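Descriptive structure summary
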2 protein chains.
Amino acid sequence: MTVLEKIKKNIGPKLDIKNGRIDLSHGSGGRASTQLIEQLFLPAFNNQFLNQQDDAALFSVSAGKMVVTTDAHVITPLFFPGGDIGSLSVNGTVNDLASSGAKPLYLTASFILEEGLALCDLKKIVLSMAAAAKLADVLIIAGDTKVVERGKGDGVFITTTGVGVVPNEVNISGNKAKPGDKIIVSGFIGDHGVAIMAHRNNLGFSTKIQSDTNPLHDLVAKMITAVPEIHCMRDPTRGGLATTLNELAQQSAVGMMIDESKIPVRCEVASACELLGLDALYVANEGKLVVICDNKDADHLVSVMRLHPFGSESQIIGEVIADERCFVQLKTRLGGMRIIDRLYGEQLPRIC
Amino acid sequence: MTVLEKIKKNIGPKLDIKNGRIDLSHGSGGRASTQLIEQLFLPAFNNQFLNQQDDAALFSVSAGKMVVTTDAHVITPLFFPGGDIGSLSVNGTVNDLASSGAKPLYLTASFILEEGLALCDLKKIVLSMAAAAKLADVLIIAGDTKVVERGKGDGVFITTTGVGVVPNEVNISGNKAKPGDKIIVSGFIGDHGVAIMAHRNNLGFSTKIQSDTNPLHDLVAKMITAVPEIHCMRDPTRGGLATTLNELAQQSAVGMMIDESKIPVRCEVASACELLGLDALYVANEGKLVVICDNKDADHLVSVMRLHPFGSESQIIGEVIADERCFVQLKTRLGGMRIIDRLYGEQLPRIC
């Protein structure tokens, strides 16, 4: 008998998913917690590791390089055009693993639930996580649930942590950009942030722009096969493209020269940014990559990226230059030049 | 120049730790986030992995068995007799790794901060985490910080995820208890829960009872050296000893017979429980182990445990019996017998 069959046989009182709400007992470790685990989490995430039902999940590894990364997700609203906090929390961590060159393997998920959360909303989120994990070919192998009183949380916060393996020949890091390298973006920027903002403010164009939340592991795997010597790779989430470029410039102690006319931005996103007073360069993405590679590899890499659905709009947007001030400079469409600095804060809070 | 020296050289405006407070910009990924990372987290947790400053931390592994575990910490109050949310969040995850028989290696830490949190409180918590990590011989190698609006969180929530390696000869799981096995507890139960409860309610005996939050990795390492064939091991946190015994009984499909007179409970804890209407069997612990091993190994194991400061009050409290109903039964001091069931909820919410 499998663990799930055993649970089904011994199941206690059934969770009332349709009308039920989270209360403090669901975070207690007692029977109510068990109900939630056995009737919601285990069936959704079903895998041999989680089914061990111990406090830590055991798995085997081969000798080599591994990566670990963690992200708390506090996005509001919980459901938005193109995704929800569940898919976002899986894709966000999968992409942090992938952009280090790793094959994502396992995730853990920790939930902080607010008393009063509708169980049907939680179920939607959990099923969305399960679907995203399947798509990203990762298993959610350990988890935890806590509940805080009404007014001490905000529906659901989800922290996901991921582990992955890095092929031996891959050596990607933010400190490897060299003058002469090309800078590539994998597609339209700003979709996620604008989708959230439009939805939050009910601006009425919400049906057009969707979050780009997507898992990038497969795109990255194909890129690495084509060009194992990629220098830097990062997903430009909070703070957008501008912030990621500045991080990489500082980490590598180089400058960058970017061409505004080459940066892919959807018309709808550009208009929305104008309307909302945002700069698309600083708007969050959840399914894009910034990649830096040797000049000689750039065209080949872009052509490989364009064959993938999540990289079909890839563009070389500029190059790395020597600059000890580590400035990121933008050639504007009008032929001017401006420095793209980091912002102090974010244009939009709670975007991921 | 090390990463820390480089940061020190290029440091921007200084964080005002004494008077400053967290605002939404600290969770933005922009300059304010960088300030927090470079001036608070990196110096406190300083290690080569975190200093890679990539979105995922890279480390090498040997072929073998690994474990991963995650826990969200939402305890209130943030500071309590014997510890704080920082040390608790490290020890909690270290103990989940250790009780699976692993040597804890690396942790990740994800912070959800509430707008308005005093930076001096955050610093205290971060330094406490760093000290706890040092004591537990683990490195905090990746992290994330998000900020939510005032009234959407509660000061600080910390999710820690840990990875560790399990020696090949070790094979511990909750499903390995067999009739005839002995059940051991590593010391006084209920200290953590009663310390928190007393402190919350200002009951005035708070100076006497302290949380038992402690890392158990070293105790476990010595136990495994002495008896590699330990069957089950778990730290009885939320829900206390009673809940953990029930979990193990159900996972192993066995019953248990426990002797009340053998269970170590401090007088102060017993009195406090009486006063507060709690049952010590269900009160949370943060530095204790429940261990199940073969009858022939039990005395030796207890003698080894007693040599360790965190196991000095270890006791054999009962034994595993055949029982397809999986009941945990207690022989009371008065000679009676009662079934120790799981509670529906928790006697105390937000205890860890």
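The notes below deal with the structure included here. (Residues numbered from 1 in each chain as written. Chains lettered and ligands numbered in written order. Predicted model: local features only at pLDDT ≥ 70, side-chain atom pairs only at ≥ 80, totals over all residues. Heavy atoms only, no water.)

Turning to the overall build of chain A, a few remarks are in order. Scanning chain A from N- to C-terminus turns up nine helices and 14 strands. Scaling as 2.2 N^0.38, a compact globule of 352 residues should have a C-alpha radius of gyration of about 20 Å, and chain A matches this with 21 Å. Seen through its C-alpha atoms, chain A measures out along the principal axes to roughly 70 × 50 × 35 Å. Of all intrachain contacts in chain A linking residues separated by at least 6 positions in sequence, the fraction that spans at least 24 positions is 85%. Looking at chain A as shown, the accessible area adds up to about 13300 Å², and 51% of this sits on carbon and sulfur atoms. Averaging the coordinates of the 34 positive side-chain charges in chain A and doing the same for the 39 negative ones gives two points 4 Å apart. (Helix = DSSP H or I, 4+ residues; strand = E, 2+ residues; numbered from the N terminus. Rg over C-alpha atoms; globule rule 2.2 N^0.38 Å. Contact = heavy atoms within 4.5 Å. Areas by Shrake-Rupley, 256 points an atom, 1.4 Å probe, with all protein chains shown as cover. Lys, Arg positive; Asp, Glu negative; His and termini not counted. Charge placed at Lys NZ, Arg CZ, Asp CG, Glu CD.)

With respect to the helices and strands, Arg-234 of chain B occurs in strand S9 (residues 232–234). The sequence separation of Arg-234 of chain B and Leu-348 of chain B amounts to 114 residues, and the corresponding C-alpha distance is 20 Å. When sequence neighbours within four positions are dropped, the list of residues in contact with Arg-234 of chain B reads Gln-53, Asp-54 and Asp-55 of chain A together with Ser-99, Gly-174, Thr-244, Glu-247, Leu-248, Gln-251, Lys-288, Leu-289 and Val-290 of chain B. A polar contact is formed between the side chain of Arg-234 of chain B and the side chain of Asp-54 of chain A, at a distance of 2.8 Å. Polar contacts involving the side chain of Arg-234 of chain B include one to the side chain of Glu-247 of chain B, which spans 2.8 Å. (Polar contact = N/O pair within 3.5 Å; in protein donor to acceptor, adjacent residues only side chain to side chain.)

Let us now look at the relation of the copies chain B and chain A. When chain B is fitted to chain A, the best match, at an RMSD of 0.0 Å, comes from turning it 180° and sliding it 0.0 Å along the axis. Here the two chains are linked by the operation of a two-fold rotation axis. A shared binding surface is used by both copies, with 100% of the interface residues of chain B retained as interface residues in chain A. (Least-squares fit on C-alpha atoms with pLDDT ≥ 70 in both.)

A few words now on the packing of aromatic side chains. What characterises a pair of aromatic rings is the spacing of the ring centres plus the angle enclosed by the ring planes. Residue and element names in this part refer to chain A. Taken as a whole, this structure holds nine aromatic pairs over all chains when the rule is applied. Taking 4.8 Å as the distance between ring centres and 40° as the angle between the ring planes, the aromatic pair formed by Phe-41 and Phe-111 counts as tilted. Of this pair, Phe-41 sits in helix H2 (residues 31–45) while Phe-111 sits in strand S5 (residues 103–114), placing them 70 residues apart in sequence. Lying over the aromatic face of Phe-79, Lys-124 brings its terminal NZ or CZ to 4.8 Å of the ring centre. (Phe/Tyr/Trp six-rings, centres within 6.5 Å; stacked < 30°, edge-to-face > 60°. Lys NZ or Arg CZ within 6 Å of the ring centre and 35° of its normal.)

Our focus in this paragraph is unusual backbone geometry. Here Thr-76 of chain A and Pro-77 of chain A are connected by a cis peptide whose omega angle stands at 0°. Inspection of the secondary structure puts Pro-77 of chain A in the loop between strand S2 (64–73) and strand S3 (79–80). Positive phi values are uncommon outside glycine, yet Ala-253 of chain B reaches one of about 55°. One can find Ala-253 of chain B in the loop between helix H7 (240–252) and strand S10 (255–259).

It is worth spelling out helix H7 (residues 240–252) of chain A at this point. All names here are of chain A. For H7, built from 13 residues, the straight-helix expectation of 18 Å at 1.5 Å per residue is met to within 8% by its first-to-last C-alpha distance of 19 Å. The buried count for H7 comes to eleven of 13 residues, which makes it a mostly enclosed element. A positive backbone phi angle near 55° is found at Ala-253, which sits one or two residues after H7. (Expected span 1.5 Å × (residues − 1). Buried < 20%, exposed > 50% of the residue type's maximum accessible area, 1.4 Å probe, protein only.)

Okay, the sheet that holds strand S6 (residues 139–148) of chain B next. Across the sheet, five strands lie side by side as S1(A)-S2(B)-S7(B)-S5(B)-S6(B); this open sheet has mixed pairing. Strands at the two margins of the open sheet, each flanked by one partner only, are strand S1 (57–61) of chain A together with S6 of chain B. Within this sheet the neighbouring strands show an average axis-to-axis angle of 20°, counted without direction. Both strand S2 (residues 64–73) of chain B and strand S7 (residues 156–166) of chain B contribute to a ladder of nine bridges, which runs antiparallel. Paired with Asp-71 of chain B across the two strands is Thr-160 of chain B, which belongs to S7 of chain B. (Pairing = 2+ DSSP bridges. Axes fitted to C-alpha atoms, helices over the stretch in contact; angles between N-to-C directions.)

The next subject is helix H3 (residues 85–98) of chain A. For H3 of chain A, which comprises 14 residues, the first-to-last C-alpha distance of 20 Å matches the rise-based estimate of 20 Å (1.5 Å per residue) to within 8%. The distance from a side-chain oxygen at the start of H3 of chain A to the backbone nitrogen of Gly-86 of chain A is 2.7 Å, and the residue carrying that oxygen is Asp-84 of chain A.

Residue and element names in this part refer to chain B. The interhelical angle for the contact between helix H6 (residues 217–226) and helix H9 (residues 295–306), taken along N-to-C directions, is 150°, at an axis separation of 10 Å. The orientation of H6 relative to H9 falls into the category roughly antiparallel. In the crossing of H6 with H9, the sense of the turn from one axis to the other is right-handed. Facing Leu-219, Lys-222, Met-223 and Ala-226 of H6, the residues of H9 in contact are His-300, Leu-301, Val-304 and Met-305. (Parallel < 35°, antiparallel > 145°, perpendicular 65-115°, else oblique. Left-handed = near helix turned anticlockwise from the far one by under 90°.)

With that settled, consider the sheet that holds strand S10 (residues 255–259) of chain A. All names here are of chain A. Pairing in this open sheet of seven strands is mixed, and the strands run S9-S11-S8-S12-S10-S13-S14 from one edge to the other. Looking at strand neighbours, the two that pair on one side only are strand S9 (232–234) and strand S14 (337–339), the edges of this open sheet. Between one strand and the next, the sheet's axes are offset by a mean angle of 25°, whatever the strand orientation. Of the pairings in the sheet, the one linking S10 to strand S13 (residues 328–331) comprises four bridges and is parallel in character. Bridge pairing in S13 places Met-257 opposite Gln-329.

What follows deals with the interface of chain B and chain A. If you look at the interface, chain B gives 78 residues, while chain A gives 78 residues. A salt bridge links Asp-54 of chain B to Arg-234 of chain A; the shortest N-O distance between them is 2.8 Å. For the pair chain B and chain A, the interface holds 51 residue pairs in polar contact (both at pLDDT 80 or more). Elements with a contribution of two residues or more to the side of chain B that touches chain A: helix H2 (31–45), strand S1 (57–61), S2, strand S5 (103–114), S6, S7 and H7 of chain B. For the side of chain B that touches chain A, the element with the most residues is S2 of chain B, which contributes nine residues. (Salt bridge = Lys/Arg side-chain N within 4 Å of Asp/Glu carboxyl O.)

Following the sequence through the fold, Lys-331 of chain A ends up in strand S13. With 129 residues separating them along the chain, Lys-331 of chain A and Asn-202 of chain A place their C-alpha atoms 34 Å apart.

All names here are of chain B. For the coordinates displayed, the defined rule picks out zero disulfides over all chains. Here Cys-232 is not disulfide-linked; the sulfur of Cys-293 is the nearest cysteine sulfur, at 9.8 Å. Taking the relative accessible area as the measure of exposure, Cys-293 reaches 0% and is therefore buried. (Disulfide = S-S within 2.5 Å.)

A side chain of one charge can pair with a side chain of the opposite charge when the charged atoms of the two come close. In total, this model carries 40 salt bridges over all chains according to the counting rule given. Salt-bridge contacts for Asp-341 of chain B lead to Arg-31 of chain A; the nearest nitrogen and oxygen are separated by 2.6 Å. Of this pair, Asp-341 of chain B sits in the segment after strand S14 (337–339) while Arg-31 of chain A is found in helix H2, placing the two residues in two different chains. With relative accessibility at 38%, the residue Arg-31 of chain A sits in the partly exposed group. Asp-137 of chain B is paired through a salt bridge with Lys-103 of chain B; the nearest N and O atoms lie 3.7 Å apart. A residue pair is termed long-range when its members are at least 10 positions apart, and Asp-137 of chain B in the loop between helix H4 (119–136) and S6 and Lys-103 of chain B in strand S5 qualify at 34 residues. Beyond isolated ion pairs, a larger network of salt bridges with shared partners links Asp-54 of chain A together with Arg-234, Glu-247 and Arg-342 of chain B.

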